[in-house]
Amino acid sequence: MFHYFEGIDLIIYVEHISERLIYTFDFIFKAQDISYHLTNDLNHFLKCDETKFNYSSYPSDDFLSLSPAELLFDETIQVQKLSKSAFESIECLSFNQITDPIASIFYVLTRYEEYLEFTPDEHERFRATQSVQYKYGWLNQLICDRWAKAIIDFLHKNNVVDKPFTKSATQIIPTFDIDNSFAYLHKNGWRRIVSTAKDLLKRDKKRLQERKDVLDGKTTDPYDTFSYIESIAKGGFAVRLFWHLGDYAKFDKNLSYLSEPHRQLIQRMSDTCQIGIHPSYASNSNFFLLNVETKRLQEIVKKPITTARQHFLKLRFPETYTNYLAAGIEDDYTLGFAQKIGFRAGTLRAHNWFNLKNNTRTTLTLHPFAYMDGTLLEYEKMTVTEAKNKVEALYKETIKFGGDFIFLWHNETINDYKHWKGWTEVLE
């Protein structure tokens, strides 16, 4: 059996060709413009004249070899016996005492551990602290890209490929989740009455006065930062907005999708920014809600909606992404942790989702992000100065290897409002 690419730079012998294997080698080699040819025909491999690499248990001193773990040749999902090891001085994973940077990439990139049983947080999410990257101190490293570089450099050093690792370009992509378009404006009667009653019970005179001033037109709604977001887009950045249009519920507080001022705002922002759906809290396991909310947004902006990011970053493998594909979603921006900054997928390169349930590469493109505003302040309790230093470190890591430096803010966090005072500095 063979797996071909045009213009072969490298022939690789494996004992079995699997979808997992092809997916991982594509991640390693395609960005480097290295074409490869897989074969499980040993005679063909031994006789051919191309540059060779042996990724099997076949012993030979005649060509460069690396003994593989079983992970890329298995078709099941099971708990792996992991330990920390090293390949070419780079820390990586060992599977049942077999050090394998190629299998390490697959394990992290596909979020293998999130298909296994785990103890979820209060929002049924996989905790960052449960990840192998956090446990081994790799969460703030583009660890899959580091392993890919180590493999390419290993092959280059041994004259198997003719050039060392080269980083890809880095693009800065600001993204904003619109959970609450306004703090006070355009709320319907009962919501305004309930909110005012709560402030009266709390004797929150400042908030009562603020609401009155906004509704009287004396001051701007504190969540109305849309002109600022437009200025970022007009400054040349590919801004993406993810708009919540779910029905009102405990964790879903935005204006109704039927509100005319709300609809006009969405239409206005779609002129300068790419608009995607921000599916409601329960939608990660509910196709009906996802589909209904996506169609609501399509009806407002009069164009197909093919991008999404989950509300509360609620992501469950494989259900959430299976529903995405069924709803016509082509690009997802959910892949990051709420509790910790860093790189959930070990890369910031866009890549196709690999569904481990059926061992298939899908057409859904995943766009991981580096950090979220709430992680910096509300989860990790950073000061503005600490946050700026952390963001700078994440960006420096990104430009070493390439990928899209995507980050997540909200319209209500970029107005120096309440406990977010001073935080616009971090975004800038």
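Look up a bit, the structure's there.
Here's a quick rundown of the structure. Quick caveat, the model's predicted, so the values are computed rather than measured.

1. Comments concerning the layout of surface pockets
In this structure, the largest pocket encloses a volume near 670 Å³. For the lining of the largest pocket, the element with the most residues is helix H12 (residues 373-379), which contributes four residues. Of the residues belonging to the lining of the largest pocket, the class tally is nine nonpolar, eight polar and ten charged.

2. Description of the nonpolar core
Phe 53 and Tyr 55 are the most contacted members of the largest nonpolar core, which totals 109 residues. When near neighbours in sequence (up to four residues on either side) are disregarded, Phe 53 contacts Leu 10, Ile 11, Ile 12, Tyr 13, Phe 45, Leu 64, Ser 65, Leu 66, Ile 102, Phe 154, Leu 155 and Val 160. Counting residues in hydrophobic clusters, the runner-up holds nine residues, among them Ile 173, Phe 242, Tyr 333 and Met 372.

3. As for helix H10 (residues 287-301)
In a regular helix each residue adds 1.5 Å, so 15 residues correspond to 21 Å; H10 covers 21 Å between its end C-alpha atoms and thus fits that length. Looking at H10, one finds that the buried residues are Leu 290, Glu 293, Thr 294, Arg 296, Leu 297, Ile 300 and Val 301. Viewed along the axis of H10, the buried residues span an arc of 155°, placing them on a single side of the element. Exposed and facing more than 90 degrees away from the buried side of H10 are Phe 288 and Lys 295. Two or three places before Phe 288, at the opening of H10, Asn 286 has a side-chain oxygen 3.1 Å from that residue's backbone nitrogen.

4. Focus on the pairing of strand S11 (residues 274-277)
Of the strand pairs in this sheet, strand S10 (residues 240-243) and S11 are connected by four bridges, and their pairing is parallel. Across the sheet, Trp 243 pairs through a bridge with Ile 277, a residue of S11.

5. Looking at the sheet that holds strand S6 (residues 82-87)
Taken in spatial order, the three strands make up an open sheet running S6-S7-S8, and their pairing is antiparallel. Whereas interior strands pair on both sides, the edge strands pair on one side only; in this sheet they are S6 and strand S8 (98-99). Here S6 pairs with strand S7 (residues 90-95) via six bridges, running antiparallel. Note on S7: the bridge partner recorded for Lys 84 is Leu 93. Relative to the sheet, helix H3 (residues 101-109) contacts S6, S7 and S8, its axis offset from that of S7 by approximately 85°. Each of S6 and S7 is contacted by helix H5 (residues 143-157), which is oriented at about 95° to S7, the strand it contacts most.

About the criteria used
- Residues numbered from 1 in each chain as written.
- Predicted model: local features only at pLDDT ≥ 70, side-chain atom pairs only at ≥ 80, totals over all residues.
- Heavy atoms only, no water.
- 1 Å grid on protein atoms, 1.4 Å probe; cavity = no way out; pocket = protein on both sides within 12 Å on 5 of 7 lines; lining within 4 Å.
- Points joined across faces, edges and corners; volume = space filled by probe spheres on them.
- Helix = DSSP H or I, 4+ residues; strand = E, 2+ residues; numbered from the N terminus.
- Nonpolar A, V, L, I, M, F, W, Y, C, P; charged D, E, K, R; others polar.
- Core = buried A, V, L, I, M, F, W, Y, C linked by side-chain atoms within 4.5 Å.
- Buried < 20%, exposed > 50% of the residue type's maximum accessible area, 1.4 Å probe, protein only.
- Contact = heavy atoms within 4.5 Å.
- Expected span 1.5 Å × (residues − 1).
- Arc of directions from axis to C-beta.
- Polar contact = N/O pair within 3.5 Å; in protein donor to acceptor, adjacent residues only side chain to side chain.
- Pairing = 2+ DSSP bridges.
- Axes fitted to C-alpha atoms, helices over the stretch in contact; angles between N-to-C directions.

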